[in-house]
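Structural features, examined
Below are the chains, spelled out letter by letter.
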Amino acid sequence: MVPGATSADAAAASNELLIAAGLKATCVTVSPQLIEETTPLITVLVEIPVSRNFWISPTLFKNHIVRSEVTLFCERPFVVKLTGVPALKAKATPPENNEDGDDDD
């Protein structure tokens, strides 16, 4: 998010991409609702109902929703961005180990 942009701007941009992809009945949630100059992070949650968007076995998944959420830094001064680092709560996933300990196959 660039300075001056709002959560409505983020939702509108997300919806434009979803419409361009041909997706229907989507739901976009942007948080926080109020984006200020001191806001370090923005989170966008996109929900797509399977029954309205997929032609392969929609009856088997009629009550399912595909969800994706991403949290990004806003375009702010470095000091403001640093305040958001603790809130990221990143999940560390250890790399997969191959059995012999090297990267060669």
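This is a predicted model, so every value here is computed, not measured. (Residues numbered from 1 in each chain as written. Predicted model: local features only at pLDDT ≥ 70, side-chain atom pairs only at ≥ 80, totals over all residues. Heavy atoms only, no water.)

With respect to the side chain of Thr-43
We apply this condition: Secondary structure counts use DSSP, requiring at least four H or I residues in a row for a helix and at least two E residues in a row for a strand, with both numbered from the N terminus. To sort residues, take the accessible area from a 1.4 Å probe on protein chains only and compare it with the maximum for the residue type: under 20% means buried, over 50% means exposed, and anything in between is partly exposed. Nitrogen and oxygen atoms within 3.5 Å of one another constitute a polar contact, given that in protein one can donate a hydrogen and the other can accept it, and given that sequence-neighbouring residues count only through two side-chain atoms.
By the secondary structure assignment, Thr-43 is in strand β2 (residues 41–49). Residue class for Thr-43 comes out buried when judged on its relative accessible area of 16%. Of note is the side chain of Thr-43, whose polar atom sits 2.7 Å from the side chain of Thr-71.

Focus: the environment of Thr-6
Inspection of the secondary structure assignment puts Thr-6 in the segment before α1 (7–20). Looking at Thr-6, the relative accessible area reads 36%, which means it is partly exposed.

Side note on the side chain of Ser-14
So the rule is basically this: Only heavy atoms enter the contact rule, under which two residues are in contact if any of them lie within 4.5 Å.
Positionally, Ser-14 belongs in helix α1. Apart from the residues lying within four places of it in its own chain, the contact partners of Ser-14 are Val-28 and Val-44.

What to know about the nonpolar core
Note the following rule: Buried Ala, Val, Leu, Ile, Met, Phe, Trp, Tyr and Cys residues that are joined via side-chain atoms within 4.5 Å together make up what is termed a nonpolar core.
Within the largest apolar cluster, 11 residues are counted, these being Ala-10, Ala-11, Leu-18, Val-28, Val-30, Ile-35, Ile-42, Val-44, Val-46, Ile-48 and Cys-74. Those elements that place two or more of their residues in this core are α1, β1 (27–31) and β2. Ranked by residue count, the leading element in this core is β2, at 4 residues.

Details of unusual backbone geometry
The step from Ser-31 to Pro-32 runs through a cis peptide bond, and the omega angle for that step is 5°. Along the polypeptide, Pro-32 turns up in the loop between β1 and β2. Positioned with a positive phi, Ala-25 is a non-glycine residue whose angle comes to about 55°. With respect to the helices and strands, Ala-25 occurs in the loop between α1 and β1.

Details of the confidence of the model for the protein chain
The criterion, for reference: Scored from 0 to 100, pLDDT reflects the predictor's confidence in each residue.
Here the protein chain shows a mean pLDDT of 80. Residues at 70 or above account for 81%. Considering each helix and strand of the protein chain separately, the mean pLDDT is smallest for helix α3 (residues 78–88), with a value of 75, and largest for β1, with 95.

Quick look at the sheet that holds strand β3 (residues 65–73)
Here is the rule: By this definition, two strands are paired if DSSP reports at least two bridges between them. Helix axes are fitted to C-alpha atoms over the stretch in contact, other axes to C-alpha atoms as well, and angles between N-to-C directions run from 0 to 180 degrees.
The 3 strands are arranged β1-β2-β3 in an open sheet whose pairing can be described as antiparallel. Across the chains shown, the open sheet's two edge strands, defined by having one partner strand only, are β1 and β3. Across this sheet, the average inter-strand angle for adjacent strands is 15°, counted without regard to direction. With 5 bridges connecting them, β1 and β2 associate as antiparallel partners. Bridging across to β2, Cys-27 finds its partner in Glu-47. Sheet contacts for α1: β1 and β2; angle to β1, the most-contacted strand, approximately 150°.

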